[in-house]
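# Observations on the model geometry
One letter stands for each residue in the lines below.
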Amino acid sequence: MIARVDPARCTGHGRCYMLAPDLFDADDDGYSVGGDRPVPEGMERRARIAAANCPESAIHLVLDEPDPTDPQSPTDTREENP
Ligand code: SF4
């Protein structure tokens, strides 16, 4: 899973890095640092909580790309937008 922060939507409420400080960082102005952030295994729930609590819907969760050689690999890579 990847947590993708859209800097054009972020208004710096700070909920994401307060709820999931291991996944999100603030810049000097309090905005969440944009871009893609890999979500370590076991941290998916925390990423979902942060995304669900972003008042600007600036966090999108992207499921991992499918691995065609792995039968256990997810086949659905749609973006999650809680
Ligand atoms: S919770 Fe949303 S609006 Fe607030 S800092 Fe994080 S990404 Fe930005």
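What you see is a predicted model; the values in this text were computed from it and never measured. (Residues numbered from 1 in each chain as written. Predicted model: local features only at pLDDT ≥ 70, side-chain atom pairs only at ≥ 80, totals over all residues.)

For the protein, the helix and strand inventory stands at 2 helices and 4 strands. The secondary structure elements of the protein, listed N-terminal to C-terminal, are β-α-β-α-β-β. Put simply, of all contacts in the protein between residues at least 6 apart along the chain, 55% involve residues at least 24 apart. (Helix = DSSP H or I, 4+ residues; strand = E, 2+ residues; numbered from the N terminus. Contact = placed C-beta atoms within 7 Å.)

Let us look at the site of the ligand. Around the ligand, 14 residues are found, and the nearest of them are C10, H13, R15, C16 and C54. Of the residues contributing to the shell around the ligand, the split by class is 7 nonpolar, 5 polar and 2 charged. (Near = placed C-beta within 6 Å. Nonpolar A, V, L, I, M, F, W, Y, C, P; charged D, E, K, R; others polar.)

So, on to the nonpolar core. A3, L23, A47, A50, A51 and I59 are the most contacted members of the largest nonpolar core, which totals 15 residues. Sorting the residues of this core by element identifies β1 (2-5), α2 (44-52) and β3 (59-62) as the ones contributing at least two each. A per-element tally of this core places α2 first, with 3 residues. (Core = buried A, V, L, I, M, F, W, Y, C linked by C-beta atoms within 7 Å. Buried ≥ 20, exposed ≤ 12 C-beta atoms within 10 Å, placed from the backbone.)

This next bit is on the pairing of β3. Judged by which residues are buried, β3 turns out to be one-sided: I59 and L61 face inward and are buried, whereas H60 and V62, on the alternate face, are not. Summarising the sheet, β1 and β3 pair through 4 bridges and their orientation is antiparallel. Across the sheet, residue V5 finds its bridge partner in β3, namely I59. (Pairing = 2+ DSSP bridges.)

For α2, the complete set of buried residues consists of A47, A50 and A51. For α2, the buried positions fall inside an angular range of 95° around the axis, keeping them on one side. The inward-facing, buried residues of α2 abut β1, α1 (15-19) and β3. (Arc of directions from axis to C-beta.)

Before going further, it helps to examine the environment of M1. Among the structural elements, M1 can be located in the segment before β1. With 17 C-beta atoms packed within 10 Å, M1 lands in the partly exposed category. Taking the C-alpha atoms as reference, M1 lies 4.9 Å from D64; in sequence the two are 63 residues apart. Once residues within four sequence positions are removed from consideration, M1 is found in contact with V39, E44, A47, L61, V62, L63 and D64.

What follows deals with the confidence of the model for the protein. Mean pLDDT for the protein: 88, with 82% of residues reaching 70 or above. Per-element averaging of pLDDT across the protein places strand β4 (residues 79-80) at the bottom with 68 and α1 at the top with 97. (pLDDT = per-residue confidence, 0-100.)

On the secondary structure map, R4 appears in strand β1. The exposure class of R4 is partly exposed, given the 15 C-beta atoms found within 10 Å. When the C-alpha positions of R4 and A58 are compared, they lie 8.1 Å apart, and in sequence the two are 54 residues distant. In this view, R4 contacts D36, H60 and V62; residues no more than four positions away in its chain are not counted.

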